[in-house]
Amino acid sequence: MKSNIFEVTGESVLMLYGSHLTGAPTSTLLVLSETPLGDAALEALEKSAASLEFGTAPLAQVVVETDEGKLGAEDVRTIVEGLDPVALVACDAFAAEALSAAYRTPVTLDADNRLMGRTAAIFQDFEGMMNTPADKQRAWALLKKLR
């Protein structure tokens, strides 16, 4: 029997949204994207999470739209609140809109935002930023605001 109620809640969210969600019930950084991230973007986020000291198994990923359907605003909010991460990253405009709808507040693209007390790095196209050194530096500058 688990004694950490937060871990129990996180596990139930992982089971409920398994086709859209990967990670650990105690992940401290939640990453959302419209579709699965490519290897370069995922590696950059994992390295950033480690560099920013988000702990062990820090990254949980939400894919908003899969072959099984698209998550609604309430689903996104349930996932975020159920996992209760320290910070959020929206990797594309679609994921940004999903967070905006979930929390009924506008978000600014390519900027840091606050959603229910959490810092959120909201990107228009994080994967596209992995193509040039200058864009990678801009992405890193925004990710550093998650501290």
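Relevant structure appears above.
Structure report, in brief. Along each chain, residues carry numbers from 1 onward, in the same order as the chain's sequence is written. Local features are withheld for residues below a pLDDT of 70 in this predicted model, meaning they are given only at 70 or higher, and side-chain atom pairs are given and counted only at 80 or more; totals for whole chains, interfaces and linings count all residues. Think of the side-chain values as coming from all heavy atoms in the structure, minus any hydrogens and water.

Points about the overall build of the protein
In DSSP terms, a helix is any run of H or I states spanning at least four residues, a strand is any run of E spanning at least two, and both are numbered starting from the N terminus. Per the secondary structure count, the protein includes 5 helices and 8 strands. Throughout, the radius of gyration refers to the C-alpha atoms, and the reference size of a globule is 2.2 Å times the residue count to the power 0.38. Its C-alpha atoms give the protein a radius of gyration of 14 Å, within 12% of the compact-globule value 15 Å for 147 residues. Its C-alpha atoms give the protein principal-axis dimensions of roughly 50 × 30 × 30 Å. Using a 1.4 Å probe on the protein chains alone, a residue whose accessible area is under 20% of its type maximum counts as buried, one over 50% counts as exposed, and one in between counts as partly exposed. Out of the 147 residues in the protein, the part that is buried amounts to 44%. Across the protein, the fraction of contacts at a sequence separation of at least 24, relative to all contacts at a separation of at least 6, is 67%. Carbon and sulfur atoms make up 52% of the accessible area of the protein, which totals about 7,600 Å². Residues are treated as being in contact if the distance between any of their heavy atoms lies within 4.5 Å. Method for areas: the Shrake-Rupley scheme with a 1.4 Å probe, in which residue coverage is limited to the protein chains shown.

As for the sheet that holds strand E2 (residues 29–33)
With respect to topology, 6 strands assemble into an open sheet ordered E1-E3-E2-E6-E8-E7, the strand pairing being mixed. Here the strands that pair on one side only, and so sit at the sheet edges, are strand E1 (21–22) and strand E7 (111–115). Any two strands between which DSSP finds at least two bridges are classified as paired. With 5 bridges joining them, E7 and strand E8 (residues 118–122) adopt antiparallel strand pairing. Bridge assignment links Leu115 to a residue of E8, and that residue is Arg118.

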